[in-house]
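Now for the letters of each chain:
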Amino acid sequence: QIAQLYGRLYSESARCVLLGRLWRRLRGRPGHASALMAALAGVFVWDEERIQEEELQRSINEMKRLEEVSNVFQSSGVERHPPESKSQTDGNEDLKDKEQPWEMVMDKKHFKLWRRPVEGSHLYQYRVFGTYTDVTPRQFFNVQLDTEYRKKWDALVIKLEVIERDVVSGSEVLHWVTHFPYPMYSRDYVYVRRYSVDHENNVMVLVSRAVEHPSVPESPEFVRVRSYESQMVIRPHKSFDENGFDYLLTYSDNPQTVFPRYCVSWMVSSGMPDFLEKLHTATLKAKNMEIKVKDYISAKPLEMSSEAKATAQSSERKNEGSCSPARIEYA
């Protein structure tokens with residue numbers, strides 16, 4: 001009834017503004033009242049879910065830290081795990097107890113894979129540090145971001161589409177449905193992602209994590225993965241348009257399987273190299289066959305400029321009298 005009332009009184013844009021204000025007022029209070037209100041009103045509150053600059057910078061700092069310790073990538077078996085972050089060695093004993101050391105899973109010349117247990121669960125967090133020399137960073141980055149092209153080269157994709165975009169940060173929400181090995185059900189992910197390209201420091205980063213979105217309720221056809229995060233940082237050897245780069249991928253998710261821990265670990269640790277190689281092959285194919293791929297580096301993420309603000313305000317006034325249908329099934 002509340003959802004129907006909101007749908008009749010306010011347009012979708014007006015509901016977003018209203019819920020944004022409510023969230024800021026109720027943020028931090030017990031019960032997460034703002035999240036409940038957002039669900040009832042059928043809107044997605046970007047103030048709470050957008051990926052912040054700090055999240056992007058943390059990923060870049062991890063890449064810098066690995067680069068500083070060159071023997072992690074160059075040695076063979078001497079360094080069995082990446083060095084712990086500064087926060088783990090600054091005397092904070094509580095943090096040391098929570099974060100486990102990295103364990104080497106795969107050690108090849110241009111590909112190293114580590115894992116470590118996720119505190120309080122049976123799952124692992126994974127980290128890959130690798131390099132490619134036959135494609136450019138721009139090509140690799142664009143192929144990874146292009147949802148339409150991925151539907152062609154990734155046979156596991158059932159559905160992949162952008163649900164909503166944020167004009168403030170350039171973040172966007174995607175719905176991804178993917179096949180899982182038989183006899184498991186297909187999984188679906190709803191996640192927010194944001195990318196950044198820093199020409200001055202010669203680095204690019206892509207951060208993703210799971211969210212809930214009112215326009216994508218859980219479906220009985222798929223198993224919803226609610227715990228998922230991924231950070232990819234790319235460092236060109238020379239420039240964005242010359243062959244050669246290093247990359248750092250940190251990844252974890254909870255696929256909600258009933259299989260033992262070692263089975264899930266095997267599936268992820270073997271599937272990750274396979275996915276990266278498919279991504280690399282797709283990049284080579286796009287390069288050699290000149291397949292048209294959107295250039296995300298040139299098309300910078302949207303920023304809330306004065307022009308964008310004016311457009312948003314104009315759209316809100318235009319839709320003020322409209323009535324959007326309430327999404328009762330999500331509430």
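Residues numbered from 1 in each chain as written. Predicted model: local features only at pLDDT ≥ 70, side-chain atom pairs only at ≥ 80, totals over all residues. Heavy atoms only, no water.

1. Regarding the overall build of the chain
Counting its secondary structure elements, the chain contains eleven helices and ten strands. Counting every position in the chain, which comprises 331 residues, the buried fraction comes to 45%. Look at the contacts in the chain between residues 6 or more apart in sequence, and 61% of them connect residues 24 or more apart. Carbon and sulfur atoms make up 51% of the accessible area of the chain, which totals about 17,800 Å². (Helix = DSSP H or I, 4+ residues; strand = E, 2+ residues; numbered from the N terminus. Buried < 20%, exposed > 50% of the residue type's maximum accessible area, 1.4 Å probe, protein only. Contact = heavy atoms within 4.5 Å. Areas by Shrake-Rupley, 256 points an atom, 1.4 Å probe, with all protein chains shown as cover.)

2. So, the nonpolar core
Counting residues in hydrophobic clusters, the biggest one holds 39 residues, and the most contacted among them are Val-128, Phe-141, Met-232, Ile-234, Tyr-247, Met-272 and Leu-276. Per element, the largest residue contribution to this core is five residues, and it comes from helix α10 (residues 261-288). When near neighbours in sequence (up to four residues on either side) are disregarded, Leu-276 contacts Phe-111, Val-128, Tyr-132, Met-232, Tyr-247 and Leu-249. Grouped together as the second largest cluster of nonpolar side chains are 21 residues, Trp-102, Val-192, Val-203 and Val-216 included. (Core = buried A, V, L, I, M, F, W, Y, C linked by side-chain atoms within 4.5 Å.)

3. Some thoughts on the confidence of the model for the chain
When the pLDDT values of the chain are averaged, the result is 77; 64% of them are 70 or greater. Counting interchain partners and residues more than four positions distant, the pLDDT-below-50 stretch residues 86-97 has ten contacts. When the criterion is pLDDT under 50, residues 302-331 qualifies, and its contacts beyond four places in sequence or with other chains add up to 41 contacts. (pLDDT = per-residue confidence, 0-100.)

4. Quick look at the pattern of salt bridges
Counted by the stated rule, this structure contains 22 salt bridges. Among the salt bridges present, the one from Asp-47 reaches Arg-50, with a minimum N-O distance of 3.1 Å. Residue class for Arg-50 comes out buried when judged on its relative accessible area of 11%. The closest approach of N and O atoms between Glu-218 and Arg-226, which form a salt bridge, is 2.4 Å. We classify Glu-218 as partly exposed; its relative accessible area is 47%. The structure contains a network of salt bridges with shared partners spanning Asp-188, Glu-212, Glu-218, Arg-224 and Arg-226. (Salt bridge = Lys/Arg side-chain N within 4 Å of Asp/Glu carboxyl O.)

5. Quick look at the pairing of strand β6 (residues 187-198)
The buried fraction of β6 is high, at ten of twelve residues. Examined bridge by bridge, strand β5 (residues 172-178) and β6 share seven bridges and lie antiparallel to one another. If you follow Trp-176 over to β6, its bridge partner there is Tyr-189. Pairing geometry for β6 and strand β8 (residues 223-225), over three bridges, is parallel. (Pairing = 2+ DSSP bridges.)

6. Remarks on helix α8 (residues 137-145)
Burial analysis of α8 places eight of its nine residues in the buried class, the great majority of the element. All buried positions along α8 are accounted for by Pro-137, Arg-138, Phe-140, Phe-141, Asn-142, Val-143, Gln-144 and Leu-145.

7. A short note on the side chain of Glu-164
Position of Glu-164 among the secondary structure elements: in strand β4 (residues 157-165). Separated by 2.7 Å, the side chains of Glu-164 and His-213 make a polar contact. (Polar contact = N/O pair within 3.5 Å; in protein donor to acceptor, adjacent residues only side chain to side chain.)

8. Re the environment of Glu-53
Positionally, Glu-53 belongs in helix α5 (residues 53-68). In the structure, Glu-53 is positioned 143 residues away from Ser-196 in sequence and 9.2 Å away in space, judged by C-alpha atoms.

9. A look at the packing of aromatic side chains
Under the criterion given, the structure shown has 15 aromatic pairs. Where Tyr-132 meets Phe-140, the ring centres are 5.6 Å apart and the plane angle is 45 degrees; that geometry is what we call tilted. Centroid distance Trp-176 to Tyr-191: 6.4 Å. Interplanar angle 80 degrees. Geometry classified as edge-to-face. Of this pair, Trp-176 sits in strand β5 while Tyr-191 sits in strand β6, and the two are 15 residues apart along the sequence. With respect to class, Trp-176 is no different from Tyr-191; both count as buried. Cluster of aromatic residues (ring-pair linked, three or more members): Trp-176, Tyr-189, Tyr-191, Tyr-228 and Tyr-251. When the ring centre of Tyr-124 is taken as origin, the NZ or CZ atom of Arg-115, which lies over that ring, is 4.2 Å away. Between Arg-187 and the ring centre of Phe-180, over which it is positioned, the NZ or CZ distance is 4.9 Å. (Phe/Tyr/Trp six-rings, centres within 6.5 Å; stacked < 30°, edge-to-face > 60°. Lys NZ or Arg CZ within 6 Å of the ring centre and 35° of its normal.)

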